[in-house]
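Observations on chain architecture
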Amino acid sequence: MRPEIFQDYVLDLVKNAPGVQRVQTLEAVGEHRHRYGIAVVLDGRESRWQVVGQLAEGEKHGTTAAPVEGQPAAYTAVDSSGSADAWLAGVIGADESPQIERVDVWSARPKADAGNLGFTVHFHNGQRAFVRKL
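All of the points below concern the structure found in this document. (Residues numbered from 1 in each chain as written. Predicted model: local features only at pLDDT ≥ 70, side-chain atom pairs only at ≥ 80, totals over all residues. Heavy atoms only, no water.)

Points about the sheet that holds strand β1 (residues 20-25)
Sheet strands line up and pair through hydrogen bonds in the backbone, either parallel or antiparallel. Here six strands make up an open sheet; going across it, the order is β1-β2-β3-β6-β5-β4 and the pairing antiparallel. This sheet does not close on itself; its edge strands, each paired only once, are β1 and β4 (100-105). Strand after strand, the sheet turns through a mean of 20° between neighbouring axes, direction not considered. When strand β2 (residues 37-42) meets strand β3 (residues 45-54), the two strands line up antiparallel, connected through six bridges. Bridged to A39 within β3 is R48. (Pairing = 2+ DSSP bridges. Helix = DSSP H or I, 4+ residues; strand = E, 2+ residues; numbered from the N terminus. Axes fitted to C-alpha atoms, helices over the stretch in contact; angles between N-to-C directions.)

Section: the layout of surface pockets
Considered as a void within the structure, the largest pocket measures approximately 170 Å³ in volume. Residue assignment for the lining of the largest pocket shows that the elements contributing at least two residues are β2, β3 and α2 (84-94). With four residues, β3 is the single largest residue contributor to the lining of the largest pocket. Residue classes in the lining of the largest pocket are distributed as five nonpolar, four polar and three charged. (1 Å grid on protein atoms, 1.4 Å probe; cavity = no way out; pocket = protein on both sides within 12 Å on 5 of 7 lines; lining within 4 Å. Points joined across faces, edges and corners; volume = space filled by probe spheres on them. Nonpolar A, V, L, I, M, F, W, Y, C, P; charged D, E, K, R; others polar.)

Some remarks on unusual backbone geometry
Negative phi characterises most residues that are not glycine, and trans characterises most peptide bonds. Notably, E96 is not glycine yet its phi reads approximately 50°, a positive angle. If you trace the backbone, E96 turns up in the loop between α2 and β4. At K111, a position not held by glycine, the phi torsion is positive, near 60°. By the element assignment, K111 lies in the loop between β4 and β5 (118-123).

Quick look at the packing of aromatic side chains
In total, this model carries two aromatic pairs according to the counting rule given. Measuring from centroid to centroid gives 6.1 Å for F6 and Y9, while their planes differ by 40°, and the two rings are tilted. Taken together, the residues span about one helical turn, with F6 and Y9 both in helix α1 (residues 3-14) at a distance of three residues. Arranged with centres 5.9 Å apart and planes meeting at 80°, the rings of F6 and F123 form a pair that is edge-to-face. Linking F6 in helix α1 with F123 in strand β5, this pair joins segments that are 117 residues apart in sequence. Residue F123 is classed as buried on the basis of its relative accessible area, which comes to 2%. Feature note: the residues F6, Y9 and F123 constitute an aromatic cluster, connected by ring pairs. (Phe/Tyr/Trp six-rings, centres within 6.5 Å; stacked < 30°, edge-to-face > 60°. Buried < 20%, exposed > 50% of the residue type's maximum accessible area, 1.4 Å probe, protein only.)

Scope: geometric values only; no functional claims are made or implied.
The following block contains the structure:
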């Protein structure tokens, strides 16, 4: 899933998540340093997330990879008081998209860096989306 499509997908999911007061693209909130991403106001606190994509092996920018479906990713639901990256990854995982193979939450890694929050979404078609907290 390309970053622009993934951004819209996440916007749609997050707007209906419990505790979310507002979600917008980074562009809509005046953040122009990053091309794709979202700004979320959750329980009165804003967080901003950049989305970067990686093409599947052998895929070219001028072509579009077909979505591949498979078993949805396993996920753990985390409430808004938990780690911000785990919460957002849980919102995405709860949708059980058949295009998402797995989601790796960075704060759940051994020796995780508390200042580097985010996650990697692996798609069944070989593409990846990297979502990092700004």
